[in-house]
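A structural walkthrough
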Amino acid sequence: GVLTGQYRQDRDLVNVFGGWSKGLIDGWTRRYSAGLDYLKDDNELVPGQPPPTKLPQDEVRVSPFIRYELIEDSFTKTKNRDQIERAEFFLLGFRSDLKLGYAATALGSTRPAWSYAASVSDGWAMPGNRILVMEGAVAGVYAEGQNEDQLLSGSVEYYIPQSNRAQTYIGLAVDMARDVNESNQLTLGGENGLPGYPDDYQSGDRRALFNVEQRLYSDWFPFRLFRVGGAVFFDAGRAWGGEASNTTDPGWLSDVGFGLRLFSVRSAFGTVWHLDFAFPINPTDDIPDYQVLIFSKTGF
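This write-up is about the structure you can find in this document. Here the structure is a predicted model, which is why all the values come from computation and not from measurement.

**Overview of the environment of Ala104**
Along the chain, Ala104 falls in the loop between β6 (95–103) and β7 (113–126). Separated by 41 residues in sequence, Ala104 and Ser63 have C-alpha atoms that sit 7.0 Å apart. Those residues in contact with Ala104 that lie beyond four places of it in its chain are Val62 and Ser109.

See the structure below:
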């Protein structure tokens, strides 16, 4: 909630690629692709506003890249997990994704730079129709002998159904950012985790968030437009480290709350609208006793 500086950024992004695969062989699919990433960042100060500590440099990156994906053919069909009354397919097999690109000055890039991204995930079907999914990822840029804009992340999700209309969701996510601008810090608060606190209440280059949610799925279908569900939740988390970290309330935070879920059946992206009432636990005096949030996600 403290304004440290403002600047305006205009970003252009273009991605073109083509790929090939031999298809499903012995329960595995391998995909190979190559393409071109184009990124252009223009940054400028905002007249009449305080400047940031350091204005990011304007940059152009034109990066040819190669990519490799490995996917195990192991899916399970479920319903009433992340959406309401719609078939969902969970990948329970192994999956990995590797991407490597190089921005050359001969192609118009501001400077030579390597870009990289890698992710790996796996899932397991457990007794009682329970599902456990784990994922890890890293992405960043390597230029001038150092890493930049590097993000490492990991998550664990556990689904525990009690019936076709009720289940418990447990999630843990951890992230670490290295050599990023202040505006790209990891944050917590509002719809970005910890809804009992204001948007981006905590920030830093490290973040951890734990969530427990009891989900309920009804068969109510008003106007044949929305499926209706609800949830009761508890969150605990913290964002810390870095130059832009919160100093007023830097410790672990937690909240409880309940909410309504409206699943738009006409949406091609599985949009779920959230109406949440969240209450912070042991907040400082400057934090409201509750918050009301309305936002959309592609999940429950």
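Back to the text.
**Let's talk about the pattern of salt bridges**
Applying the stated criterion across every chain, the model contains 18 salt bridges. A salt bridge links Glu148 to Arg111, with the nearest nitrogen and oxygen atoms 2.6 Å apart. Of this pair, Glu148 sits in strand β9 (residues 146–163) while Arg111 sits in the loop between β6 and β7, placing them 37 residues apart in sequence. A relative accessible area of 15% means that Glu148 is categorised as buried. As a salt-bridge pair, Arg206 and Asp205 come within 3.4 Å of each other at their nearest N and O atoms. Classification of Arg206 as partly exposed rests on a relative accessible area of 35%.

**Focus: the layout of surface pockets**
What the second largest pocket holds in volume is close to 820 Å³. Contributing to the lining of the second largest pocket are 35 residues, with Tyr169, Gly193, Leu209, Asn211 and Lys297 lying nearest its centre. Taken together, the elements giving at least two residues each to the lining of the second largest pocket come down to β9, β10 (166–178), β11 (186–188), β13 (206–217), β14 (226–240), β16 (272–280) and β17 (291–297). The dominant element in the lining of the second largest pocket, judged by the number of residues it contributes, is β13, at seven residues. Within the lining of the second largest pocket, the residues separate by chemical class into 14 nonpolar, 10 polar and 11 charged.

**Structural notes on unusual backbone geometry**
Despite not being glycine, Asn129 has its phi angle at roughly 60 degrees, a positive value. Residue placement: Asn129 occurs in the loop between β7 and β8 (130–143). In this structure, Asp149 takes a positive phi of about 50 degrees despite not being glycine. Mapped onto the elements, Asp149 comes out in strand β9. Take Asp149: its relative accessible area is 37%, and that puts it in the partly exposed class.

About the thresholds
- Residues numbered from 1 in each chain as written.
- Predicted model: local features only at pLDDT ≥ 70, side-chain atom pairs only at ≥ 80, totals over all residues.
- Heavy atoms only, no water.
- Helix = DSSP H or I, 4+ residues; strand = E, 2+ residues; numbered from the N terminus.
- Contact = heavy atoms within 4.5 Å.
- Salt bridge = Lys/Arg side-chain N within 4 Å of Asp/Glu carboxyl O.
- Buried < 20%, exposed > 50% of the residue type's maximum accessible area, 1.4 Å probe, protein only.
- 1 Å grid on protein atoms, 1.4 Å probe; cavity = no way out; pocket = protein on both sides within 12 Å on 5 of 7 lines; lining within 4 Å.
- Points joined across faces, edges and corners; volume = space filled by probe spheres on them.
- Nonpolar A, V, L, I, M, F, W, Y, C, P; charged D, E, K, R; others polar.

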